[in-house]
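Remarks on the overall topology
Chain by chain, the residues run as shown.
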Amino acid sequence: MEIKVAKTAGFCFGVNRAVELTYGLLAEGRRVATLGPLIHNPQVVEDLEAKGALTCPDVASVPDGYEVIIRSHGVPQTVYDEISTRRLAYHDATCPFVTKIHRIAKQASDEGATLLIAGDRTHPEVQGIAGHTTGDVFIFANLEELKAWNGPASEQNALFVVAQTTFQVTKWLECSEFLKKAYTNARVFDTICNATWARQQEAEGLSQKCDLMVVIG
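Just so you know, these numbers come straight off a predicted model, no measurement behind them. (Residues numbered from 1 in each chain as written. Predicted model: local features only at pLDDT ≥ 70, side-chain atom pairs only at ≥ 80, totals over all residues. Heavy atoms only, no water.)

**Things to note about the sheet that holds strand β4 (residues 90–92)**
Defined as follows: In this analysis, strands are considered paired if DSSP registers two or more bridges between them. A run of DSSP states H or I qualifies as a helix once it reaches four residues; a run of E qualifies as a strand once it reaches two. Both are numbered from the N-terminal end. Fitting a line to C-alpha atoms yields each axis, with helices limited to the stretch in contact; the angle taken between N-to-C directions then spans 0 to 180 degrees.
Pairing is parallel in the open sheet, where 4 strands are placed in the order β2-β1-β3-β4. The sheet is open, and its two borders are formed by β2 (54–56) and β4, each paired with just one other strand. Each strand of the sheet is rotated relative to its neighbour by a mean of 25°, with strand direction disregarded. Here strand β3 (residues 67–70) pairs with β4 via 3 bridges, running parallel. Bridging across to β4, isoleucine 69 finds its partner in histidine 91.

What follows is the structure, encoded as structure tokens:
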């Protein structure tokens, strides 16, 4: 039996950055608490907890004296406000690719535009993105949901369109093409990260060469 391991297997840049930051702080003897599981990997989360890290569902659950770690998914602006109100020290491990989307979301808010987000509305990254604009937001998971949307509250509203960094590339291409034709005032930002593009392409390539694929994640 021949086993092929994808060249892009393993943590992406943003996740690796968050993991190394957390292990580094623990090695220094710091008391740290992550807002939610640091990554979608129970073995890593269990190891971090064994070394002293707390996993807290929200800022209110963080004990006094602990330093907060914002995971790579990012958080809404309200979470930063809560951390500031409690005067907690924090380390922002938000992936730079996600931070870029936060800036776009804020720009949409500043310009009175409607923000459209392609992604999973239950995912913390998408919730964090939506939490960086005060204007109208519409989240859609596929082309069907997008086509069913009634449009912005006002026809004068510009549209800012972004995607969850791990959104499926083929779905994004379908949706962005539709938006460009249906709404002439849509500004479409390609925010799927490079690691996602590479992994999805490699997965497709491997699927054509293998009898069985195992995806761990």
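**Brief notes about the pattern of salt bridges**
Put simply, the rule is: Salt bridges are defined by distance alone: a side-chain nitrogen of Lys or Arg within 4 Å of a carboxyl oxygen of Asp or Glu. Throughout this description, buried means an accessible area under 20% of the type-specific maximum (1.4 Å probe, protein chains only), exposed means over 50%, and partly exposed covers the range between.
One pass over the structure, following the stated rule, counts 6 salt bridges. For the salt bridge of glutamate 67 with arginine 30, the shortest nitrogen-to-oxygen distance reads 2.8 Å. Here the residue glutamate 67 occupies a position in strand β3, and arginine 30 occupies one in the loop between α1 (13–27) and β1 (32–35), the gap between them amounting to 37 residues. Salt-bridge contacts for aspartate 110 lead to lysine 106; the nearest nitrogen and oxygen are separated by 3.1 Å. Here aspartate 110 pairs with lysine 106, and both are found in helix α4 (residues 96–110), just 4 residues apart, close to one helical turn. Overall, the relative accessible area of 56% leaves aspartate 110 in the exposed class.

**Some details on a nonpolar patch on the surface**
Spelled out, the test is: Note on patches: the residues involved have over 30% relative accessible area and no salt bridge, like charges join within 9 Å, and the nonpolar side chains Val, Leu, Ile, Met, Phe, Trp and Tyr join within 5 Å. Accessible surface is estimated by sampling points in the Shrake-Rupley manner with a 1.4 Å probe; for residues, cover comes only from the protein chains shown.
Taken together, the side chains of Met1, Ile3 and Val5 define a hydrophobic patch exposed on the protein surface, amounting to about 470 Å² of accessible area. Its location among the elements puts methionine 1 in the segment before α1.

**So, the sheet that holds strand β7 (residues 159–163)**
Worth spelling out the cut-off: A contact between two residues is defined here by any heavy atoms of the two lying within 4.5 Å.
Strand order in the open sheet formed by 4 strands is β6-β5-β7-β8, with parallel pairing between adjacent strands. One side of each edge strand has no neighbouring strand; the edge strands of this open sheet are β6 (137–140) and β8 (186–188). Averaged over all adjacent pairs, the angle separating strand axes in this sheet is 20°, with direction ignored. Of the pairings in the sheet, the one linking strand β5 (residues 114–118) to β6 comprises 4 bridges and is parallel in character. In the sheet register, leucine 115 faces β6, and the bridge partner there is valine 137. Each of β5, β7 and β8 touches α4; the most contacted strand, β7, lies at about 165° to it.

**Comments concerning the nonpolar core**
Counted only if it meets this: The term nonpolar core refers to a set of buried residues drawn from Ala, Val, Leu, Ile, Met, Phe, Trp, Tyr and Cys, joined through side-chain atoms within 4.5 Å.
Counting residues in hydrophobic clusters, the biggest one holds 18 residues, and the most contacted among them are Leu116, Phe140, Leu146, Trp172 and Leu179. Mapped onto this core, the elements with two or more residues apiece are β5, β6, α6 (143–148), β7 and α7 (169–182). In terms of residue count, α7 provides more of this core than any other element does, 4 residues in total.

**Let's talk about the side chain of glutamate 67**
This is how it is decided: Any N or O atom pair separated by 3.5 Å or less is treated as a polar contact, with the protein-specific requirement of one donor-capable and one acceptor-capable atom, and with residues adjacent in sequence counted only for side-chain atom pairs.
Overall, glutamate 67 belongs to the buried group, its relative accessible area being 14%. Engagement of the side chain of glutamate 67 in a polar contact is seen with the side chain of histidine 91, the distance being 2.6 Å. The residues touching glutamate 67, leaving out its near neighbours within four places in the chain, are Arg30, Arg31, Val32, Ala33, Ala89 and His91.

**A short note on helix α2 (residues 42–50)**
The condition that has to hold: By construction, the arc corresponds to the directions joining the helix axis to the C-beta atoms.
Burial in α2 covers these residues: Val44, Val45 and Leu48. Looking straight down α2, one finds that the buried residues subtend no more than 100° of arc, so they occupy a single side. Along α2, exposed side chains directed more than 90 degrees from the buried face belong to Pro42, Gln43, Glu46 and Ala50. Packed against the buried residues of α2 are α1 and β2. Looking at where α2 begins, the residue whose side-chain oxygen comes 3.2 Å from the main-chain nitrogen of glutamine 43 is asparagine 41. Two residues or fewer past α2, glycine 52 is found with a positive phi of approximately 115°.

Without other data, these values stay purely geometric and don't point to any function.
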